[in-house]
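Inside the fold
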Amino acid sequence: PFARLNVHHNLWPIATKRTKDNEVAVGEIWDAAVTSPLTGLPNRTVFLVELERALVRSLRREEPMALMLIDVDDMKSINELCVRNVGDNVLIELGQRLDRHLRLSDVVTHTASDEFAVILEPTKGQDGAKACAHRIRDLIRMDVPMHGDTKRTTASIGIVMATPQSSAPELLTRAEEAVAVARQMGGNIVRCVDV
């Protein structure tokens, strides 16, 4: 379903007898287990596995990597003031924009209702990760019609750079803290923190 990750073959083996009758059903079950039903992007389960893998690759290749969490600002008001499918369509469009504009080597996932996660590997250090985050922040801006008016979407973005000692839970916690600070500062902000 998505070109970036070959999840059908790389994540977990499925012990099945492949026949014409069960091949479609197994594929549908597998897709449901590893993709967001809304955006079709890899889900949080895939994200957690890929974050562990990215850390191993970064250490082995001695190349910097970064974790970026993207929280769409004020989705609650969009959902409250518009019909429900408007908010869903916004998230679908944002997911497609991220998927189209990031490198194939980057892992783009839809991890929660209004949150996306991106694993940047390799990246040109903190400056490269920040530059990418600012491009994403611009990419996310879109005008949503609301009762004869429009609301512009923005995002709070948290970035954390991995170190050779980093663990996946530690990176995730620090990135979540960075996003929380960005939201507290009013949103539409890129916040980069150290592990």
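First things first, this report covers the structure right here in the doc. (Residues numbered from 1 in each chain as written. Predicted model: local features only at pLDDT ≥ 70, side-chain atom pairs only at ≥ 80, totals over all residues. Heavy atoms only, no water.)

Examining the environment of V34
Worth spelling out the cut-off: A run of H or I in DSSP becomes a helix once it reaches four residues, and a run of E becomes a strand once it reaches two; helices and strands are each numbered from the N terminus. A 1.4 Å probe rolled over the protein chains alone gives each residue an accessible area, and that area as a share of the maximum for its type sets the label: buried under 20%, exposed over 50%, partly exposed in between.
With respect to the helices, strands and loops of the structure, V34 is situated in helix α2 (residues 20-34). You can call V34 buried: its relative accessible area is 1%. Sequence spacing of V34 and V46 is 12 residues, and the spatial spacing of their C-alpha atoms is 6.0 Å.

Regarding the nonpolar core
The condition that has to hold: By nonpolar core is meant a set of buried Ala, Val, Leu, Ile, Met, Phe, Trp, Tyr and Cys residues that side-chain atoms within 4.5 Å join together.
One finds M68, I70, L98, F116, I136, I157 and I159 to be the most contacted residues of the largest nonpolar core, which totals 32 residues. Counting residues per element, the ones that place at least two in this core are β1 (66-72), α4 (75-81), α5 (84-101), β3 (115-120), α6 (125-140), β4 (143-146), β6 (155-161) and β7 (190-193). Core analysis: the next-biggest nonpolar cluster, separate from the first, contains 19 residues, A168, L172, A175 and V179 among them.

A closer look at the pairing of β3
Quick note on the threshold: What makes two strands pair is DSSP finding at least two bridges between them.
Across the six residues of β3, six count as buried, placing the element largely inside the fold. Pairing geometry for β1 and β3, over six bridges, is antiparallel. By the bridge assignment, L69 is partnered in β3 with A117. As defined by bridge partners, strand β2 (residues 107-112) adjoins β3 across five bridges and the pair is classed as antiparallel. Residue pairing in the sheet places A112 in a bridge with E115 of β3. In textbook terms, the turn of a hairpin is the stretch between consecutive antiparallel strands, and for β2 and β3 this stretch comprises two residues.

What to know about the pattern of salt bridges
In plain terms, the rule: One side-chain nitrogen of Lys or Arg within 4 Å of one carboxyl oxygen of Asp or Glu is enough to make a salt bridge.
Scanning all chains against the criterion turns up 11 salt bridges. The salt bridge partner of D74 is K151, with a shortest N-O separation of 3.1 Å. Of this pair, D74 sits in the loop between β1 and α4 while K151 sits in strand β5 (residues 149-152), and the two are 77 residues apart along the sequence. Take K151: its relative accessible area is 24%, and that puts it in the partly exposed class. Put simply, D143 and R152 hold a salt bridge, and the shortest N to O gap is 3.1 Å.

Examining the packing of helix α3 (residues 44-61) against helix α7 (residues 168-184)
Using the following cut-off: Convention adopted: a line fitted to C-alpha atoms gives each axis, helices being fitted over their contacting stretch, and angles between N-to-C directions are expressed from 0 to 180 degrees. Crossing handedness: left-handed means the near helix sits turned counterclockwise from the far one by under a right angle, and right-handed means the same turn made clockwise. Between two residues, a contact is recorded if the distance between any of their heavy atoms is within 4.5 Å. Residue polarity follows a fixed list, in which Ala, Val, Leu, Ile, Met, Phe, Trp, Tyr, Cys and Pro are nonpolar, Asp, Glu, Lys and Arg are charged, and the others, Gly among them, are polar.
Close contact between α3 and α7 brings their axes to 9 Å; oriented N to C, the two are set at 115°. Viewed along their axes, α3 and α7 form a crossing whose handedness is right-handed. On α7, the residues that touch R44, F47, L48, L51, E52 and L55 of α3 are A168, L171, L172 and E176. When grouped by side-chain class, the residues that make up the contact of α3 with α7 number seven nonpolar, no polar and three charged.

What to know about the pairing of β4
Residue alternation in β4 divides its side chains into a buried set, V144 and M146, and an unburied set, D143 and P145. Sheet topology note: the β4/β5 ladder contains four bridges and is antiparallel. If you follow P145 over to β5, its bridge partner there is T150.

With respect to the sheet that holds β3
With mixed pairing, the five strands of this open sheet are ordered in space as β2-β3-β1-β6-β7. Whereas interior strands pair on both sides, the edge strands pair on one side only; in this sheet they are β2 and β7. Mean inter-strand twist for the sheet, computed between neighbouring axes without regard to direction, equals 20°. Relative to β6, α6 is tilted by about 165°, and along the sheet it contacts β1, β3, β6 and β7. Across the face of the sheet, α7 comes into contact with β1, β6 and β7 while running at roughly 145° to β6.

Brief notes about α3
Where we set the bar: One less than the residue count of a helix, multiplied by 1.5 Å, gives the span that helix is expected to have. For this analysis, a polar contact is any N or O atom pair within 3.5 Å, provided that within protein one partner can donate a hydrogen and the other can accept it, and provided that sequence-adjacent residues contribute only side-chain to side-chain pairs.
In a regular helix each residue adds 1.5 Å, so 18 residues correspond to 26 Å; α3 covers 25 Å between its end C-alpha atoms and thus fits that length. Those residues of α3 that sit buried are V46, F47, V49, E50, L51, A54, L55, R57 and S58. For α3, the side-chain oxygen to backbone nitrogen distance between the N-cap and T45 is 3.1 Å, and the N-cap itself is N43. At the C-terminal side of α3, E62 shows a positive phi close to 55°.

That's the geometry; what it means functionally is another story.
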